[in-house]
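# Descriptive structure summary
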Amino acid sequence: MPKKLLKRLGIGIAAVALVAIAVFAVWFYRALHATVSHDKANDYIEIPRRSTPDAIASKLVSEGVLRNKWPFLFYLKVTGSAKLIKAGEYRFPSPISALGVLKKLEEGEQRLSRFTVIEGWTRWDIADSLSHVVELNLKDSSDALALMNDASGIRDLDPTAKNLEGYLFPATYSFPPGTKADTVVGGMVKRFRQEWTPERAERARTLKMTPRQIVVIASLIETEAKLKEERPLIASVVYNRLSKRIPLGIDSSIIYASKLAGKWRDDGRVYKSDVDRRSPYNTRLVSGLPPGPVGAPGESSIDAALNPAQTDYLYYVRDPLRDDGAHNFYATSSDFEKGVRALREWERNRGGQR
């Protein structure tokens, strides 16, 4: 065969090879970066220990998370990434690429249970909710409540605390399998301590208030305020009434007194028997702060307790012209009575329209 022909043939083969390599590279790149939609985004997929790369890829293909296992396996081979894959229980978002799958497998993931503490919840509310978290293996709410009687985690902040009321910070907590209930409760206290920053502690000292007093005031604000912007105003009412030795008259503290006595009817109504109950938590009968928090205050309520607005307000009542929980604020009892009458009139009209 002539040399020129051989040379041309060689060049042709090389060109074909280059084209083939280019085509493969494009296909391989797209296969790794193309996203796959699947219906397992809310399900955990377990990758057991000592799983081979082929077994992992096959499982992910069968679950619909990977479209094709060969690009995935080839990438593992040429990069040596297989040794970085961690066993665990994974949730893969949809859509996701093969490289996205590998990134999650390298980061590792465990099935996590989640538990949320709502702003204003009392320890009874938290205990009841905790008792329904199956993974914690609590017999009932009394088991959870007993864990909240250990106040050693806040003893330096609140030497007089008999339980963790007010110090179980409202947030969503995630925990892996096998976590014990006392660890979850401890996490709530730890989160409170993180929120009780040196700056907030210094602000409390400037106000000549103890951490406990601030938490008590914050818990009252939390249960009274629906709107974040009103919290400093409600705080100002609390401070103004304290300075004038006027009873605070806050219903949530009266309700708390009834809960302590085991008499709360839990129907959303405050009865005369609640109002008349002799208790240091009854802020209609007793001046000053109640002896302890009446719920779990969030960050904005703590900040409002530390930074009350400067007003002469002594009263507030719900604004009947708004449906977002807003209040009208008053400095005099006569103006307050007008506000109460307006609210009662609105309630009567509303009842008549039903």
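Going by the structure above, here's the rest.
Described below are features of the structure shown in this document. Quick caveat, the model's predicted, so the values are computed rather than measured. (Residues numbered from 1 in each chain as written. Predicted model: local features only at pLDDT ≥ 70, side-chain atom pairs only at ≥ 80, totals over all residues. Heavy atoms only, no water.)

### A few points about the pairing of strand β6 (residues 172–175)
- Only one face of β6 is covered, namely the face carrying Y173 and F175; the face carrying T172 and S174 is uncovered.
- In terms of strand pairing, strand β5 (residues 113–116) meets β6 through 4 bridges, oriented antiparallel. Across the sheet, residue F115 finds its bridge partner in β6, namely Y173. (Buried < 20%, exposed > 50% of the residue type's maximum accessible area, 1.4 Å probe, protein only. Helix = DSSP H or I, 4+ residues; strand = E, 2+ residues; numbered from the N terminus. Pairing = 2+ DSSP bridges.)

### Looking at the environment of S129
- Looking at the element boundaries, S129 is found in helix α5 (residues 123–131).
- Its relative accessible area of 22% is what places S129 among the partly exposed residues.
- Each C-alpha atom of the pair S129 and T116 lies 8.7 Å from the other, and the pair is 13 residues apart in sequence.
- If sequence neighbours within four positions are ignored, S129 has contacts with F115 and W121. (Contact = heavy atoms within 4.5 Å.)

### With respect to the environment of F92
- Relative to the helices and strands, F92 resides in the loop between β3 (88–90) and β4 (96–97).
- Distance from F92 to V317, taken between C-alpha atoms, is 49 Å for residues 225 residues apart in sequence.
- Discounting chain neighbours no more than four positions away, the residues touching F92 are H38, K40, A41, I45, L60, V65, V101, K104 and L105.

### Things to note about unusual backbone geometry
- Residue P95 is reached from S94 by a cis peptide bond, and omega for that bond is 0°.
- Considering the arrangement of structural elements, one finds P95 in the loop between β3 and β4.
- For N137, which is not a glycine, the phi torsion comes out positive at approximately 55°.
- Relative to the helices and strands, N137 is located in the loop between α5 and α6 (141–147).
- Its relative accessible area of 67% is what places N137 among the exposed residues.
- Backbone geometry places D266, a non-glycine residue, at a positive phi of 55°.
- Note on placement: D266 falls in the loop between α11 (251–260) and α12 (272–275).

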